[in-house]
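In case you want the letters, here they are:
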Amino acid sequence: MKPEPVQEFPCLVLSRVYPVAPEQVWRAWTDPRALSRWFGPAEADSVSLAELDVRVGGRYRIVFGAPDGSEHEASGTYLEVVPNRRLVFTWTRRGMPEADSRVTIELRPTDAGTQLDFRHEQFRAVAVRDDHEIGWLPTIAKLGAFLQGTLA
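Within each chain, residues carry numbers counting from 1 in the order of the written sequence. The model is predicted, so local features are restricted to residues of pLDDT at least 70 and side-chain atom pairs to those at 80 or more, both for listing and for counting; the totals for chains, interfaces and linings are taken over all residues. With hydrogens and water set aside, each side-chain value is computed from the structure's full complement of heavy atoms.

**Observations concerning the side chain of Thr104**
Okay, so step 1: The helix count covers DSSP runs of H or I at least four residues long, the strand count covers runs of E at least two residues long, and both are numbered beginning at the N terminus. Here Thr104 is to be found in strand 6 (residues 96-110).
Okay, so step 2: Note on exposure labels: buried denotes an accessible area under 20% of the residue type's maximum, exposed denotes more than 50%, and partly exposed covers the range between, all computed with a 1.4 Å probe on protein chains only. With relative accessibility at 8%, the residue Thr104 sits in the buried group.
Okay, so step 3: Setting aside chain neighbours within four positions, we find Thr104 in contact with Arg86, Leu87, Val88, Asp117, Phe118, Arg119 and Glu121. Contact criterion: two residues are considered in contact whenever any of their non-hydrogen atoms come within 4.5 Å of each other.

**Some words on the nonpolar core**
Okay, so step 1: Residues grouped as a nonpolar core are buried Ala, Val, Leu, Ile, Met, Phe, Trp, Tyr and Cys residues, joined through side-chain atoms within 4.5 Å. If you look at the biggest cluster of nonpolar residues, it comprises 38 residues, and the most contacted ones within it are Trp29, Phe39, Phe118 and Trp136.
Okay, so step 2: The element best represented in this core is helix 3 (residues 126-147), accounting for seven residues.
Okay, so step 3: Discounting chain neighbours no more than four positions away, the residues touching Phe39 are Trp29, Ser46, Val47, Ile62, Phe64, Trp91, Trp136, Thr139 and Lys142.

**Points about the pairing of strand 7 (residues 113-121)**
When a strand is regular, its side chains alternate between the sheet's two faces.
Okay, so step 1: Burial analysis of strand 7 places seven of its nine residues in the buried class, which makes it a mostly covered element.
Okay, so step 2: The pairing criterion is simple: DSSP has to find at least two bridges between the two strands. Bridge analysis of strand 1 (residues 12-18) against strand 7 gives seven bridges, and the strand direction is antiparallel. Counterpart to Val17 in the pairing with strand 7 is Gln115.

**Some remarks on unusual backbone geometry**
Okay, so step 1: If you check the backbone angles, Asn84 has positive phi at about 65 degrees while not being a glycine.
Okay, so step 2: Tracing the chain through its elements places Asn84 in the loop between strand 4 (71-82) and strand 5 (86-93).
Okay, so step 3: The exposure class of Asn84 is partly exposed, given its relative accessible area of 23%.
Okay, so step 4: Positive phi values are uncommon outside glycine, yet Gln122 reaches one of about 70 degrees.
Okay, so step 5: Here Gln122 shows up in the loop between strand 7 and helix 3.

**Quick look at the packing of helix 1 (residues 22-30) against helix 3**
Okay, so step 1: Their axes nearest at 11 Å, the elements helix 1 and helix 3 cross at an angle of 125 degrees. Of the possible angle classes, the one that applies to helix 1 and helix 3 is oblique. Between helix 1 and helix 3 the crossing geometry is right-handed. Residue-level inspection shows Gln24, Val25, Arg27, Ala28 and Trp29 of helix 1 in contact with helix 3, the latter providing Trp136, Ile140, Leu143, Phe146 and Leu147.
Okay, so step 2: Of the residues that constitute the contact of helix 1 with helix 3, the class distribution is eight nonpolar, one polar and one charged. A fitted line through C-alpha atoms represents every axis, and for helices the fit uses only the stretch in contact; the resulting angles, taken between N-to-C directions, go from 0 to 180 degrees. Under this scheme an angle from 65 to 115 degrees is roughly perpendicular, one under 35 degrees roughly parallel, and one over 145 degrees roughly antiparallel; angles in between are oblique. The hand of a helix crossing depends on one turn: near helix anticlockwise from the far one by less than a right angle means left-handed, and clockwise means right-handed. Asp, Glu, Lys and Arg are counted as charged, while Ala, Val, Leu, Ile, Met, Phe, Trp, Tyr, Cys and Pro are counted as nonpolar; the rest, among them Gly, fall into the polar class.

**Re the pattern of salt bridges**
Okay, so step 1: Salt bridges are counted wherever a side-chain nitrogen of Lys or Arg sits within 4 Å of a carboxyl oxygen of Asp or Glu. According to the stated counting rule, one finds 10 salt bridges in the structure shown.
Okay, so step 2: In this structure, Asp53 and Arg55 form a salt bridge, with 3.0 Å as the shortest nitrogen-oxygen distance.
Okay, so step 3: Its relative accessible area of 31% is what places Asp53 among the partly exposed residues.
Okay, so step 4: With a closest N to O distance of 3.1 Å, Arg102 and Glu121 form a salt bridge.

**Examining the environment of Leu107**
Okay, so step 1: Residue position: Leu107 is located in strand 6.
Okay, so step 2: Its relative accessible area of 7% is what places Leu107 among the buried residues.
Okay, so step 3: Leu107 sits 22 residues away from Arg85 along the chain, and the two C-alpha atoms are 4.7 Å apart.

Structure (structure tokens):
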């Protein structure tokens with residue numbers, strides 16, 4: 001009898017190095033005021049709600065704008081919280097049950113500052129992953145501008 005094939009889910013992996021300490025990158029992801037400045041693919045300050053209960057089992061809810069003027073809501077539960085090193089949470093987009101997935105953020109100090117390794121995984125389809133990549137790429141770019149103090 002053949003073993004059942006393991007189903008591979010598409011994932012999105014991004015790595016960036018920021019010229020700041022891991023504590024600053026951590027704060028950007030875990031402080032509602034900081035996150036509200038840079039989160040989402042639209043212009044700066046497009047977050048209308050950021051509720052973050054950053055602890056294992058805690059929940060978050062973020063309402064943010066998109067470049068086309070529409071509003072999106074993401075929510076989930078924190079699965080792992082290791083301050084200044086690792087943050088893992090579930091990701092659900094309101095109205096998009098096919099987007100239920102998981103995000104892992106790992107921070108590592110480097111000579112140049114902090115390496116951020118971002119992994120968004122367990123997408124049910126490549127198209128859903130690709131849709132999220134369209135949003136995450138400008139979002140991560142805005143994080144870099146925020147951390148360097150150049151976010152307009």
